[in-house]
Amino acid sequence: MTDNRKYDPKSIEGKWRARWDETGLYRSKVDWSKPKHYALTMLPYPSGDLHIGHWFAMTPSDARARFMRMKGFNVLFPMGFDAFGLPAENAAIQRNIHPMKWTYANMDRMRGQLRSMGAMFDWEREMVSCDPIYYKWTEWFFKQFYEGGLAYRGEALVNWSPTLQTVLANEQVIDGKDERTGQPVVQKLMTQWFFRYTRYAEEMLDFSRIDWPEPIRVMETNWIGKSEGARVTFHVALTPDPSPTGRGEEKGEPFEIYTTRPDTLWGVSFMVLAPEHPLVEKITTQKQQKAIREYVEKTARMTEIDRTAEGKEKTGVWTGAYAINPVNGAKVPIWIADYVMISYGTGAIMAVPSGDQRDFEFARKFGLEIIPVIQPEGEHFDGATMVEAYDGAGFMINSGDFNGHFSNGEKGRKNPAISAVLDWLAEKGYGKEFVNYRLRDWLISRQRYWGSPIPIIHKADGTMETVPDDQLPVELPADVEFLPTGRSPLTYHEPFLNTVDSSGQPARRETDTMDTFMCSSWYWYRYLSPKYEKGPFDPEEAAYWLPVDTYTGGAEHATMHLLYSRWFARAMRDLGMFDETMKIMEQHGRDPEVLKLGEPMLQLRNQGQVLGEERAGHFIVATGTWQAAKLFADSVTVINPADAPANSAGVVGEIIKRTENILTVDIGGGETRTVEVQPEATVTIPGIEGVARADQLKHHLEIQRMSKSKGNVINPDILVEKYGSDTVRAYLMFGFDWAKGGPWNSQQISGVVRWINDVWDLVTNTTPAAQGNPAVERDVERKVHQTIHEVTDDLENFTFNGGIAALMKLRNELRELLKTGGVGAESWRGAVRDMLLMMAPFTPHIAEELWAQQGHPYSIHQQNWPVYDAAKAAEDEVTLVVQVNGKVRERIMVPATIEEARATELALANEAVQKWLADGAPKKIIFIPGRNGQEPKLNLVV
RNA sequence: GGGGAAGUGGCGGAAUUGGCAUACGCGCAUGACUUAGGAUCAUGUGGUUUACACCUUGCGGGUUCGAGUCCCGCCUUCCCCA
């Protein structure tokens, strides 16, 4: 007896989502009687449409959050929008839509798409970063940092994007190009707002108390780039040329250099200043002025990547001046060269060609002296004949009193030679130990409109003051006009610009806005109380929910968003923003230590990226007339590659690329041909009636990032329409290694479709036996508990594919057992119950529907996670794997409790085993008892 | 150039501490049902071999009773940094 009710996602998914909303199922409220779990997943930018990548990131995160909830945690899983940023402004300029209108329309659309995921987002906690009730607090944070000495306005060489008409943070520049548009970025000296990022550099190197992935920790550590060394003061020599290496010159202006190898100070044969170094202008001699000026100008046009590229030919110009080396009074020429950056260290280096390969190449090219100062045992270095720099371990030579000291090649105090020199430098007053970080201060101002205003007023006298708290937020004016000047409309919006200072005098507002990373550095605090008016967050909520327990998102945010967030949490801590929260925590008996840590997220997990699907291009036979190397085709026919003609006057092969009517065809053997399809050409494609068009020819699609221009975008809305939300969720979790991602495959989703249909049938269209068989029912129970074990582990460890695989396996097993006919109603109902509970995190709609059909009380998502019972999962009989010399030779069914003596006895008596033992007893016997669900093994060594 | 991650069937991918490699799924093959099949069901499916058996986790070594997993040396791909 079966009925024909069929699984129809459309009829159940919307219904249950509405019910969940009505009943406030996902409202999360502070409840000190329950343990909390703050699950956070990265929020989207409202670009217009939800991408499959959002589904890939968010739905497994949702499954994990749901699992934690069923495990008994009070779970907060919020969602919002990172809504400030350039795309909105570009849309405004290109399409004449106000950024606010564009952004809000997109958010409306995306909320619907987000809801279709069936995630347990608590929408009442939604935050939108471009909403004044949010950015009021972004501005407030800026003020706090400014007043707390963590923000300053300063002149610096910054990355200017001519394309975007704004400056960018270092983190937003990749290979000298803007990371969003890939357009070149130039260096420009400008007055900008900075946060003291390096303040917490040292603290941010410590990951010992958080569970973050190793690659992220490595990336952040490299990005912070701690190096230990010394700052040493050199002086410009007052006496000019010509005495080349004279001693005891009169000392002129001092300048500092930074070096990680103070033990090589005696090997300095020239100095190099960054072309932008302020000293350059002062010390350049008359004769060298022209060459220096030209070089400085040329360098200004280069990107940092060009300047420091490894294989690049070394360039530089002598300033005509000399410096005096404090350690030995040596007089060495001062050069400028583009490989020295003004922004790193002091913008000046000492060059030790015998110990640094770049200095070495530079010295060789310009005929500068090379003085070996570190020499390994048994070697004899001669500056004139050395072929490359030596930076390994060795003994100091040519170094005055330090000759004979051993330098072990390490950096910092771990090197005895460096340690000795550091002490000596300090004692003599020549220099001091110094820790340098590659990390530079965080540039937060942007010359754009669509961002949070910086609450600063420029007074008539040139000084600045902050906007009083009661006047926050400084709101973005709505009536702006986007002129194609490239300038932010704030700079010519008079009502915005003109204001008064605290003494009532006319003043002007700051027109720069904040980097959107500023908005996204604190958003999870706002989720706690998105409408709270007395502060950025309500301490009562914060005391319960903070910090974030699990954060999920892409690894590409390592050196930007994630590092900014860690800085922000520390700044907030040190400015006392958590003081009240910590007090409340204590009142509830919770240790506030976890906030003193300064870490915003205790656990981080990264998902990979879903890439475009690989697709073969059409295989064609094209004929026409050849002109030069190009075929002008008047006939193109798509054929099966197997039917390819052996000889053809035209072109035969797979279409690799198609631009309009120009085809690039792979004719095999690594060769390609260009075919231009004539407008009147006959194009034949099987499956397309009559004459097809050239633009219907499909080209080969490689595995690469999805993008509209490549035509390999997978639209989740279409998938949901076709398969239902549960299937899309389950496929994304099943078909990939979540941490890795990979290319989309449109065929493999059918396995998930079958699984869900089978589950539907198992629950709605099957009838258990009237009379149960205890042995079969014991099997059912065993399989269920084995599955509980696996699914629990997999959800715990974010290995979603394994969890679904285990559930699919359970489907296979239950189907099999049902067929044997020994499963009674009670047993069946229990098995189905547990299976549905385990499916609930992955496929929340069908689980809820079938739960209700089974007559269980609403809602499945409020039930407890099934408890694994090892005794119930245990097998009675297991396979004893018998190996001879490590090779599996026989499998014997034995009781699960088998011990070594009995196992050996059975194995030795076994005919197949005996054959492999030849004659004679085994030399050695290794028995591995069955454990953790594994079979016992016996290895006989002969 | 430096750092990191990875390499397992035709494909996506499994494999707690070293313990039956290839779970689960796709695809494919054969059969059944069917007017039909891109539905469903059944069976099979790493390679070589008639078979016994042998080989197999990028390549080459090593440790071990036993290695996808640990160690050493290479190769390739991806990511980050220069």
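Now for a look at the structure at hand. Being a predicted model, the structure only gives us computed values, none of them experimental.

About the criteria used
- Residues numbered from 1 in each chain as written.
- Chains lettered and ligands numbered in written order.
- Predicted model: local features only at pLDDT ≥ 70, side-chain atom pairs only at ≥ 80, totals over all residues.
- Heavy atoms only, no water.
- Helix = DSSP H or I, 4+ residues; strand = E, 2+ residues; numbered from the N terminus.
- Buried < 20%, exposed > 50% of the residue type's maximum accessible area, 1.4 Å probe, protein only.
- Lys, Arg positive; Asp, Glu negative; His and termini not counted.
- Charge placed at Lys NZ, Arg CZ, Asp CG, Glu CD.
- Axes fitted to C-alpha atoms, helices over the stretch in contact; angles between N-to-C directions.
- Parallel < 35°, antiparallel > 145°, perpendicular 65-115°, else oblique.
- Contact = heavy atoms within 4.5 Å.
- Nonpolar A, V, L, I, M, F, W, Y, C, P; charged D, E, K, R; others polar.
- Near = heavy atom within 4 Å.
- Polar contact = N/O pair within 3.5 Å; in protein donor to acceptor, adjacent residues only side chain to side chain.
- Pairing = 2+ DSSP bridges.
- Arc of directions from axis to C-beta.
- Phe/Tyr/Trp six-rings, centres within 6.5 Å; stacked < 30°, edge-to-face > 60°.
- Core = buried A, V, L, I, M, F, W, Y, C linked by side-chain atoms within 4.5 Å.
- Disulfide = S-S within 2.5 Å.
- Expected span 1.5 Å × (residues − 1).
- Left-handed = near helix turned anticlockwise from the far one by under 90°.

1. A word on the overall build of chain A
Helices and strands together make up the secondary structure of chain A, namely 29 helices and 37 strands. Principal-axis analysis of the C-alpha atoms places the extent of chain A at approximately 110 × 90 × 85 Å. Per-residue burial over chain A gives 53% buried out of 942 residues. Averaging the positions of the 104 positive and the 127 negative side-chain charges in chain A gives two centres separated by 1 Å.

2. Description of the packing of helix H21 (residues 725–734) against helix H26 (residues 844–853)
Their axes nearest at 7 Å, the elements H21 and H26 cross at an angle of 125°. One element, H21, and the other, H26, form an angle in the oblique class. Contact residues: Ser 725, Asp 726 and Arg 729 in H21; Pro 844, His 845 and Ile 846 in H26. Grouping the amino acids of the contact of H21 with H26 by side-chain chemistry returns two nonpolar, two polar and two charged.

3. Some thoughts on the protein's contact with RNA strand B
Near RNA strand B there are 44 residues, and of these Arg 438, Gly 735, Gln 748, Arg 754 and Lys 937 occur at the shortest range. A breakdown of the atoms of RNA strand B within 4 Å of the protein gives sugar and phosphate a share of 69%. At a separation of 3.1 Å, a sugar or linking oxygen of RNA strand B approaches a polar side-chain atom of Asn 801. At 3.3 Å, a side-chain N or O of Lys 819 approaches a phosphate oxygen of RNA strand B.

4. Some thoughts on unusual backbone geometry
The amide bond that connects Leu 472 to the next residue, Pro 473, takes the cis arrangement and shows omega of -5°. Checked against the element boundaries, Pro 473 lands in the loop between strand S21 (464–466) and helix H13 (494–497). Of note, the amide linkage connecting Tyr 858 to Ser 859 takes the cis form, showing an omega dihedral of 0°. For Ser 859, the location among the structural elements is in the loop between H26 and helix H27 (870–873). A positive phi angle, near 55°, is found at Asn 398, a position not held by glycine.

5. Quick word on the sheet that holds strand S36 (residues 924–928)
One open sheet holds the four strands; their spatial order is S35-S34-S37-S36, and the pairing between them is mixed. Each having just a single partner strand, strand S35 (887–895) and S36 make up the two edges of the open sheet. Averaged over all neighbouring strand pairs, the angle between strand axes comes to 20°, with direction disregarded. Relative to S35, strand S34 (residues 877–884) runs antiparallel, the two sharing eight bridges. From the neighbouring strand, Val 884 faces S35, where its bridge partner is Lys 887.

6. Quick word on helix H7 (residues 214–224)
Buried within H7 are the following residues: Ile 216, Glu 220, Trp 223 and Ile 224. The buried residues of H7 occupy one face: seen down the axis, they fall within an arc of 95°. Opposite the buried face of H7, at more than 90 degrees from it, the exposed residues are Pro 215 and Asn 222. The elements touched by buried residues of H7 are helix H6 (201–204), strand S8 (226–237), strand S17 (431–437), helix H17 (558–574) and strand S26 (601–607).

7. Things to note about the packing of aromatic side chains
Summed over the entire model, instances satisfying the criterion amount to 63 aromatic pairs. Here the aromatic rings of Phe 77 and Phe 121 are separated by 5.1 Å at their centres, their planes lie at 20°, and the arrangement is stacked. Of this pair, Phe 77 sits in the loop between strand S2 (74–76) and helix H3 (86–95) while Phe 121 sits in the loop between helix H4 (99–115) and helix H5 (132–147), placing them 44 residues apart in sequence. The residues Phe 77 and Phe 121 share a single accessibility class, namely buried. Judged by centre distance (4.8 Å) and plane angle (50°), the rings of Phe 362 and Phe 366 are tilted.

8. Let's talk about the sheet that holds strand S16 (residues 406–407)
Ordered by their spatial adjacency, three strands build an open sheet running S14-S15-S16, and the pairing between neighbours is antiparallel. In the strand order of this sheet, the two ends are held by strand S14 (374–375) and S16, each with one partner. Across two bridges, S14 lies against strand S15 (residues 394–396) in antiparallel orientation. In the sheet register, Ile 374 faces S15, and the bridge partner there is Met 396.

9. As for the nonpolar core
Ranked by size, the top nonpolar core spans 176 residues in total, and within it Tyr 38, Phe 145, Trp 567, Trp 744 and Trp 755 carry the most contacts. If sequence neighbours within four positions are ignored, Tyr 38 has contacts with Leu 76, Pro 78, Trp 524, Tyr 527, Leu 528, Trp 545, Leu 546, Pro 547, Val 548, Asp 549 and Thr 550. Of all hydrophobic cores here, the second largest spans 53 residues; its members include Val 280, Ile 336, Ala 363 and Ile 370.

10. What to know about the side chain of Asp 338
Relative to the helices and strands, Asp 338 resides in the loop between strand S12 (331–336) and strand S13 (348–351). Within polar-contact distance, the side chain of Asp 338 engages the side chain of Thr 315 at 3.3 Å.

11. Things to note about the pairing of strand S7 (residues 186–195)
Pairing of strand S3 (residues 151–161) with S7 involves 10 bridges; the strand directions are antiparallel. When the bridges of S7 are listed, Leu 157 appears paired with Leu 189. Bridge analysis of S7 against strand S18 (residues 442–443) gives two bridges, and the strand direction is antiparallel. Counterpart to Phe 195 in the pairing with S18 is Trp 442.

12. Observations concerning the state of the cysteines
Scanning all chains against the criterion turns up zero disulfides. In this model Cys 130 remains outside any disulfide bridge; the closest cysteine sulfur is found in Cys 519, 9.0 Å from its own.

13. Quick notes on helix H9 (residues 289–300)
Under the 1.5 Å per step criterion, the end-to-end length of H9 is 17 Å for 12 residues, consistent within 8% with the ideal 16 Å. Taken together, the buried positions of H9 are occupied by Ile 292, Tyr 295 and Thr 299. Summarising the axial view, the buried residues of H9 lie within an arc of 65°, below the 170-degree limit, and thus occupy one face.

14. Some points on the environment of Val 467
When you line up the elements, Val 467 lands in the loop between S21 and H13. Residue Val 467 is classed as buried on the basis of its relative accessible area of 1%. Expressed as a C-alpha distance, the spacing of Val 467 and Leu 425, which sit 42 residues apart in the sequence, is 48 Å. Leave out the neighbours within four places in its chain, and Val 467 touches Lys 143, Pro 455, Ile 456, Ile 457, Leu 472, Val 474 and Arg 509.

15. Some points on the packing of helix H22 (residues 749–764) against helix H24 (residues 800–820)
Between H22 and H24, the shortest axis-to-axis distance is 11 Å and the interhelical angle comes to 45°. Taken together, the axes of H22 and H24 are oblique relative to one another. Considering how the two elements wind past one another, H22 and H24 form a crossing that is left-handed. On H24, the residues touching Gly 751, Val 752, Arg 754, Trp 755, Asp 758 and Leu 762 of H22 are Ile 804, Leu 807, Met 808, Arg 811, Leu 814, Arg 815 and Leu 818. Taken together, the residues that form the contact of H22 with H24 break down as eight nonpolar, one polar and four charged.

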